[in-house]
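Understanding the architecture of this molecule
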Amino acid sequence: MAEVEEKKEEIIEEVEEVEEDTDDVVIEEEAPTNGPEKYYEATGRRKEAVARVRLYTKKTTDEIPEPRALITINDKPYTDYFVDPLHLDLIEAPLKKLKSMTRFKATIKVKGGGLSGQADAIQVGLAKVLVLFDTNFRKKMRKGAFLTTDSRQKERKKYGLKKARRAPQWSKR
């Protein structure tokens with residue numbers, strides 16, 4: 001009997017030691033993640049440029065360094081990707097029309113064409129994705145002509161000519 005009581009006392013002492021050790025441990029709970037963020041996606045095209053635009057609703061954790069929109073183009077802030085103010089105004093135009101510069105976060109992958117074509121493609125893509133987000137925006141986007149794509153394309157080269165319309169130099173003799 002004495003041996004059983006001694007074992008009980010040893011076990012009780014061990015349990016008390018373990019309880020004392022666990023008082024110092026703080027268990028951190030991770031915030032529940034419901035998978036990836038939900039987004040809306042649309043594409044914009046202009047000449048040879050194609051822009052894939054993903055629109056997220058801005059979270060409180062997203063920081064905006066200046067009073068500009070939260071837009072990243074090819075993993076760069078859009079103010080670094082486009083330095084010309086004309087291109088920046090083109091990109092911001094759909095958001096300015098809705099007076100919601102800081103309401104959304106957009107990530108854009110753009111390729112092909114030059115900077116002007118890319119800026120126009122991004123503008124069309126942003127307008128399309130805003131309409132997907134809320135169909136009530138369609139009227140304002142239509143009125144601002146952001147949903148209308150410019151259908152002009154480069155004219156093809158014809159045989160016998162140097163370019164589409166440029167003829168070879170003509171010599172009189």
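Heads up: these notes are all about the structure in this document. Bear in mind the structure is a predicted one, so any value in this text is a computation, not a measurement. (Residues numbered from 1 in each chain as written. Predicted model: local features only at pLDDT ≥ 70, side-chain atom pairs only at ≥ 80, totals over all residues. Heavy atoms only, no water.)

1. Quick notes on helix α3 (residues 85-97)
End to end, α3 covers 17 Å across 13 residues, agreeing with the expected 18 Å (1.5 Å per residue, within 8%). All buried positions along α3 are accounted for by His 87, Leu 88, Ile 91, Glu 92, Ala 93, Pro 94 and Leu 95. Packed against the buried residues of α3 are β3 (70-73), α2 (78-81), β5 (104-111), α4 (115-133) and α5 (138-143). Backbone geometry just after α3 places Lys 99 at a positive phi near 55°. (Helix = DSSP H or I, 4+ residues; strand = E, 2+ residues; numbered from the N terminus. Expected span 1.5 Å × (residues − 1). Buried < 20%, exposed > 50% of the residue type's maximum accessible area, 1.4 Å probe, protein only. Contact = heavy atoms within 4.5 Å.)

2. With respect to the pattern of salt bridges
The final tally for this structure, using the stated rule, is 10 salt bridges. For the salt bridge of Glu 92 with Lys 96, the shortest nitrogen-to-oxygen distance reads 3.3 Å. Here Glu 92 and its partner Lys 96 are both found in helix α3, four residues apart, which amounts to about one turn of the helix. Of the residues examined, Glu 92 reaches a relative accessible area of 1% and is grouped as buried. Sharing partners across several salt bridges, the network here consists of Arg 46, Asp 120, Asp 150 and Arg 152. (Salt bridge = Lys/Arg side-chain N within 4 Å of Asp/Glu carboxyl O.)

3. Re the pairing of β3
Pairing between β3 and β5: four bridges, direction parallel. Each bridged residue has a counterpart across the sheet, and for Ile 73 the counterpart in β5 is Ile 108. Bridge analysis of β3 against strand β4 (residues 76-77) gives two bridges, and the strand direction is antiparallel. Looking at β4, one finds that Ile 73 is bridged to Lys 76. Counting the residues that bridge the hairpin from β3 to β4 gives two residues, and of these Asn 74 lies at a positive phi of roughly 50°. (Pairing = 2+ DSSP bridges.)

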